[in-house]
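# Examination of the molecular architecture
For reference, the chains in residue letters:
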Amino acid sequence: MTEKTADKIRKTDEEWRKQLTDLEYKVARKHGTERAFSGPYWDQHAKGMYRCVGCGQELFSSEHKFDSGTGWPSYWQPTRPDAVETEDDSSFLMRRTEVHCSRCDAHLGHVFDDGPQPTGLRYCINSASLKFDQEKG
């Protein structure tokens, strides 16, 4: 498990429920997963920044996004190494690596080692855990 940062955002379950939609809450706070090809960002090609739905922290840039064919937004790296944290996930009889926001612990998705170079990683992220800020121009 990655070392935790000191400036965590802590809210009660009730506060998260008021802030997030039902789907955002299910995915980001209860470790759910949206259906493949159902989220707004899996086929998003605009330039901009993907932020955490819970706290607004910058997580992924469109410059690092690629089409993985999985139906979920995929990136080969986060904006900064400390923007996300990982931990082992053995739910559903599978061994995976969960990815969550380093500031508010929102569940984002999972990271796999079958991505493109230069990292070889595929951060497979739920659209429901993200908010997109499109570049102006």
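Starting from 1, residues in each chain are numbered consecutively following that chain's sequence as written. For this predicted model, a pLDDT threshold of at least 70 governs which residues receive local features, and a threshold of 80 or more governs which side-chain atom pairs are given and counted, while totals over whole chains, interfaces and linings are taken from all residues. Note that the side-chain values use all heavy atoms of the structure and ignore hydrogens as well as water.

### Some words on the packing of aromatic side chains
Worth spelling out the cut-off: Within 6.5 Å between ring centres, the rings of Phe, Tyr and Trp (the latter by its six-membered ring) count as paired, and their orientation is classed by plane angle as stacked under 30 degrees, edge-to-face over 60, tilted in between. Strands are runs of DSSP state E lasting at least 2 residues, helices are runs of H or I lasting at least 4, and numbering of each runs from the N terminus. Geometrically, a charge over a ring is one whose NZ (Lys) or CZ (Arg) sits within 6 Å of the ring centre while staying within 35 degrees of the ring normal.
Tallied over the full model, the rule gives seven aromatic pairs. Taking 4.9 Å as the distance between ring centres and 85° as the angle between the ring planes, the aromatic pair formed by Phe-37 and Trp-42 counts as edge-to-face. Summarising the aromatic geometry, the rings of Phe-60 and Tyr-75 are spaced 4.4 Å apart at their centres and angled 20° between planes, so their arrangement reads as stacked. Separated by 15 residues along the polypeptide, Phe-60 in strand β2 (residues 58-61) and Tyr-75 in strand β4 (residues 74-75) bring together distant segments of the chain. In this structure an aromatic cluster arises from ring pairing among Tyr-41, Tyr-50, Phe-60, Tyr-75, Tyr-123 and Phe-132. The ring of Trp-16 carries the charged tip of Lys-11 above its face, separated from the ring centre by 4.8 Å.

### Quick notes on the sheet that holds β2
What counts here: A pair of strands counts as paired when DSSP detects no fewer than two bridges linking them. With axes taken as lines fitted to C-alpha atoms, and helix axes fitted only over the stretch in contact, angles between N-to-C directions fall between 0 and 180 degrees.
Pairing is antiparallel across the open sheet formed by three strands, whose spatial order is β2-β1-β9. The two strands at the open ends of the sheet, each matched to only one other strand, are β2 and β9 (130-134). Averaged over all pairs of adjacent strands, the angle between their axes in this sheet comes to 30°, without regard to strand direction.

### Remarks on unusual backbone geometry
Leave glycine aside and you will find that most residues have negative phi; peptide bonds, for their part, are mostly trans. Rules: Think of it in three bands: residues with accessible area under 20% of the maximum for their type are buried, residues over 50% are exposed, and the middle band is partly exposed, with areas taken using a 1.4 Å probe on protein chains only.
With an omega dihedral of 20°, the bond running from Gln-117 to Pro-118 counts as a cis peptide bond. By the secondary structure assignment, Pro-118 is in the loop between β7 (107-112) and β8 (122-125). For Phe-37, which is not glycine, the phi dihedral falls at a positive 65°. On the accessibility criterion, Phe-37 (47% relative accessible area) is partly exposed. The phi angle at Asp-105 is positive, at roughly 65°, despite the residue not being glycine.

### Quick word on the sheet that holds β8
If you walk across this open sheet you meet the six strands as β3-β4-β8-β7-β6-β5, and the pairing is antiparallel. Each edge of the open sheet carries a strand with a single partner, namely β3 (65-66) and β5 (84-89).

### Here's the deal with the nonpolar core
This is how it is decided: For the purposes of this section, nonpolar cores are sets of buried Ala, Val, Leu, Ile, Met, Phe, Trp, Tyr and Cys residues that join through side-chain atoms within 4.5 Å. Pairs of residues are marked as contacts when any of their non-hydrogen atoms sit within 4.5 Å.
By size, the foremost hydrophobic cluster in this structure holds 25 residues, and its most contacted members are Leu-59, Phe-60 and Tyr-123. Those elements that place two or more of their residues in this core are α2 (22-28), β1 (48-52), β2, β6 (96-101), β7, β8 and β9. When sequence neighbours within four positions are dropped, the list of residues in contact with Phe-60 reads Met-49, Tyr-50, Tyr-75, Gln-77, Pro-78, Thr-79, Val-84, Leu-108, Tyr-123 and Ile-125.

### Topic: the side chain of Ser-102
Applicable threshold: What qualifies as a polar contact is a pair of N or O atoms within 3.5 Å, subject to a donor-acceptor requirement within protein and to the restriction that residues adjacent in sequence count only when both atoms come from side chains.
Checked against the element boundaries, Ser-102 lands in the loop between β6 and β7. Within the local environment of Ser-102, its side chain forms a polar contact with the side chain of Gln-57, the two groups lying 3.2 Å apart. Within the local environment of Ser-102, its side chain forms a polar contact with the backbone oxygen of Ala-83, the two atoms lying 3.0 Å apart.

### Observations regarding the pattern of salt bridges
Note the following rule: Put simply, a salt bridge is a Lys or Arg side-chain nitrogen that is within 4 Å of an Asp or Glu carboxyl oxygen.
Summed over all chains, the structure comprises ten salt bridges. With a closest N to O distance of 2.5 Å, Asp-133 and Arg-51 form a salt bridge. Taken as a pair, Asp-133 in strand β9 and Arg-51 in strand β1 lie far apart in primary sequence, 82 residues in all. Judged by relative accessible area, which is 37%, Asp-133 ranks as partly exposed. According to the relative accessible area criterion, Arg-51 is partly exposed, its value standing at 24%. Through salt bridges with shared partners, a single network forms among Lys-8, Arg-10, Glu-85 and Asp-105.

That's the geometry; what it means functionally is another story.
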